[in-house]
Each structure stands twice: as structure tokens, then as C-alpha cells.
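Report on the structure
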Amino acid sequence: MDSEYPIKPLDFDGISTYPLASRKSKVHAGMFGKPMDGSENIPGFVSKLPHILAAESLRTLIRAIFYAKASGKPLIWGLGGHVIKVGLGPILNDLMQSGFITGIAMNGSAAIHDFEVALQGTTSEEVEEQIGDGRFGMARETGEYMNAAINAAAASAVGLGEGLGRFIANGAEKGIAFQERASSLLSEAYLRKIPVTVHVAIGTDIIHTHPQASGEALGETTYRDFRLFCSMTRDLDGGGVYLNVGSAVILPEVFLKAVSVVRNLGHGLEEFTTANLDFIQHYRPTQNVLKRPTRNSGQSIALTGHHEIMIPLIAAALKGSLDKE
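Residues numbered from 1 in each chain as written. Predicted model: local features only at pLDDT ≥ 70, side-chain atom pairs only at ≥ 80, totals over all residues. Heavy atoms only, no water.

Before going further, it helps to examine the sheet that holds strand S5 (residues 273–278). In space, the six strands of this open sheet follow the order S3-S2-S1-S4-S5-S6, with parallel pairing throughout. Two strands lie at the open edges of the sheet, namely strand S3 (196–199) and strand S6 (299–304), each paired on one side alone. Averaged over all pairs of adjacent strands, the angle between their axes in this sheet comes to 15 degrees, without regard to strand direction. Taken together, the five bridges between strand S4 (residues 241–245) and S5 define a ladder with parallel strand orientation. Across the sheet, residue Val-241 finds its bridge partner in S5, namely Thr-273. Lying on the sheet, helix H2 (residues 53–71) is in contact with strand S1 (75–79), S4, S5 and S6; it crosses S6 at an angle near 125 degrees. (Pairing = 2+ DSSP bridges. Helix = DSSP H or I, 4+ residues; strand = E, 2+ residues; numbered from the N terminus. Axes fitted to C-alpha atoms, helices over the stretch in contact; angles between N-to-C directions. Contact = heavy atoms within 4.5 Å.)

Per the stated rule, a full pass over the model turns up eight aromatic pairs. Taken together, a centroid distance of 5.5 Å and an interplanar angle of 90 degrees make the contact between Phe-115 and Phe-178 edge-to-face. In this pair, Phe-115 is assigned in helix H5 (residues 108–120) and Phe-178 in the loop between helix H8 (160–169) and helix H9 (185–191), connecting sequence segments 63 residues apart. Each of the two residues, Phe-115 as well as Phe-178, counts as buried. Seen in terms of ring centroids, Tyr-242 and Phe-255 are 4.2 Å apart; in terms of plane orientation they differ by 5 degrees. Their pairing is stacked. Here Phe-255 lies in helix H11 (residues 250–264) and Tyr-242 lies in strand S4, a separation of 13 residues in the sequence. Owing to a relative accessible area of 0%, Tyr-242 belongs among the buried residues under this scheme. We classify Phe-255 as buried; its relative accessible area is 0%. In this structure, Lys-69 is placed above the aromatic ring of Phe-100, and the distance from its NZ or CZ to the ring centre is 5.4 Å. (Phe/Tyr/Trp six-rings, centres within 6.5 Å; stacked < 30°, edge-to-face > 60°. Buried < 20%, exposed > 50% of the residue type's maximum accessible area, 1.4 Å probe, protein only. Lys NZ or Arg CZ within 6 Å of the ring centre and 35° of its normal.)

The next subject is H5. Here H5 contains 13 residues, and its C-alpha end-to-end distance of 19 Å stays within 8% of the 18 Å for a straight helix at 1.5 Å per residue. Taken across its 13 residues, H5 has 11 buried, putting it largely inside the fold. One or two residues past the end of H5 sits Gly-121, with phi positive at roughly 75 degrees. (Expected span 1.5 Å × (residues − 1).)

The next thing to look at is the pairing of S3. It is a general feature of regular strands that their side chains alternate between the two faces of the sheet. Burial along S3 is two-sided: the face carrying Val-196 and Val-198 and the face carrying Thr-197 and His-199 are both buried. When strand S2 (residues 103–107) meets S3, the two strands line up parallel, connected through four bridges. Bridging from a neighbouring strand, Asn-107 pairs with His-199 of S3.

Another aspect to go through is the packing of helix H7 (residues 140–156) against helix H10 (residues 215–234). At a minimum axis distance of 9 Å, the contact between H7 and H10 shows a crossing angle of 65 degrees. Like other packed secondary-structure pairs, H7 and H10 cross with a definite hand, here left-handed. Where H7 abuts H10, its residues Ile-150, Asn-151, Ala-153 and Ala-154 lie against Ala-217, Leu-218, Glu-220 and Thr-221. (Left-handed = near helix turned anticlockwise from the far one by under 90°.)

With respect to the helices, strands and loops of the structure, Val-46 is situated in helix H1 (residues 42–47). Take Val-46: its relative accessible area is 6%, and that puts it in the buried class. In this structure, the C-alpha to C-alpha distance between Val-46 and Ile-101, residues 55 residues apart in sequence, is 21 Å. Not counting chain neighbours up to four residues away, the residues in contact with Val-46 comprise Leu-58, Arg-59, Ile-62 and Ala-317.

Attention shifts here to the pairing of S4. With five of its five residues buried, S4 lies for the most part within the structure. A two-sided burial pattern is seen for S4, the buried positions comprising Val-241, Leu-243 and Val-245 on one face and Tyr-242 and Asn-244 on the other. Following the chain from S4 across H11 to the adjacent parallel S5, one finds a crossover that is right-handed. (Right-handed = clockwise from strand over helix to strand, strands pointing away.)

In this section: a nonpolar patch on the surface. A grouping of Leu-10, Phe-12 and Ile-15 is seen on the molecular surface, where their side chains present a nonpolar patch of about 390 Å² in accessible area. The residue Leu-10 is located in the segment before H1 in this model. The class of Leu-10 is exposed, set by a relative accessible area of 71%. (Patch = residues over 30% accessible without salt bridge, like charges linked within 9 Å, V, L, I, M, F, W, Y side chains within 5 Å. Areas by Shrake-Rupley, 256 points an atom, 1.4 Å probe, with all protein chains shown as cover. Salt bridge = Lys/Arg side-chain N within 4 Å of Asp/Glu carboxyl O.)

Let's shift gears to the environment of Ala-153. On the secondary structure map, Ala-153 appears in helix H7. Ignoring anything within four residues of it in the chain, the contact list for Ala-153 reads Val-158, Gly-159, Gly-163 and Thr-221.

Here it is in C-alpha cells:
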């Protein structure tokens, strides 16, 4: 039975073709991955990954980090709270000790999780269980100690990050036993004089609900940290690396403003690398970390994956290659 449609299928007989060999192709066999024989160390594993998409981006980031380290350029890690919650503090501390971290920026959540880990080796409450009767965020020691550290930092004219690190490092003098201080980035960085900046928005963090909280001290110390972060960003020029790991809003916004401040003041800020590592590539990191700061020069790298896998993989590749130098 013939079709009742008034329009007929298009006749393809007149289509022109060309030889496959004459076509530009984006993938060729030289880019393919190499089979694993089971004896590879991590650098060997990375070297056998395909030279395509994320695998090549991973190698590019590792090369950029090594270049920055060899050139004495900053390696700044911006960290969201989830990075600490999934147990990466000791791995990041080891990278700091090996010279692969020269500065850290945190949002308030990352600082809180790091502080709680330092205090008793635990963090991350069950929000759904706690919110019903208003217990969420009300752990006494977290609010009392952190706000005491922040208030003391304001009185001493130091930033929020330095103040928290100092409080943990000197806890014994205050009669406070920090049981897991070795896992704390805040403490390790303070002892090594590596700058840590903490960037908060009032009302976003659990310690802001405690009676010891001071809006004046929070504002003063986080503003000082923003100015310090601008200095750290200025030094990225000519080969530094900034990694945004697990912050979808606060740190990308802070980084973009820091880039603008540095350039507004007439400092050169070109030919550096930015990277965003997260299990979802959000709008703000994509725009404010990757695209906008490096629009005229430099390079940007997006790697999507779980922090608890990606960061140890990168760390192992860096440390493994370092052992061969």
C-alpha cells in the first residue's frame, strides 16, 4: 500500500563523497591507551592512559604542577568542605610537605571539618537527624573553640586561617587536647608558615549560630584573608597553578575578584594554569576559575571525578615522579 503523505523520502543517489584518508580526524591510533601488564607504578599507569580528553588533561595538570614547583611558582589549592570530609587531609598534608602545596584557600565548611578532625578525629554530622529538633550545628566545642580562635585572630591582627592554625597548634597551652592534629591542614600549614585563607559568608557556617560568634571578628579576619589571597593570586603570574577542588560557589567567586584586583593594580597575571576538580562541573567554577581568568593566556583544566579517587591518584603520580628525579 503506498504512503498517503504528500512528501516523499529524499533521494540520496546524488550525494558526493571523498576519500577517508583526505579527512581530518580528531583521533588516531598513536593516541590510544597502552595495555597494562600489571607491573606499573602510578606514573607508569598514567603514561599508558589514552592521550585523549580527561586522561590527557590529567597529564597536563601534572606537568603544570611540576613546572610550577621547579620554577618556584605558587601551587594554591582551593578546598571545599567535602574534600576534608572524605579523608584527604593526610594526603594533602603529605603534598604540602613535599612542596606541591604552597598556599591553601578554604571555604568555611572546609575549615570547620578540618578543625573538628584535629580536635577529636571525627566530623560530618547527620543533618537530617539533627535538624528536626534544632540540634544541627550545635556541637558545643566546635562553636566555642573556633569562635575563640577567630576572636583572638582579630585581636592579634591576623587572618582567619592563620588564627585557626595557631589555635590548633597551641591547643595544649589552652588545656585543649587536639587528638588528631597530624591530620589537620590548618595546623600543618601554620607550623610550616604556609598561608591558609578562609573565606566565609556570614550565616553559611554552623559556628555563626553560636553565642560566641562575632560578626566583627569574622568580617575582619576573612577580609584580611581575602587581601592575603589577592597577594597569593598575584604571584601566579608566569607559571603558577590554582586548583579549585570541591567549591561550587564561594571560592570561584573569591578567585575571580582576586584576579580582577591584581590586574586592576597593574600587576601582570598571565600564563598560569587553573583547574577545577569536582564530581560535577558547576557553572561558577567553569566560568570563574577556568574560562574568564585565562581568557587571554594560560590554560584551564577540568577534571570530573570523586575527590577520594582523583586527589590520591594525582598525589601518587606527583610523588612517584618525584622519586625518579
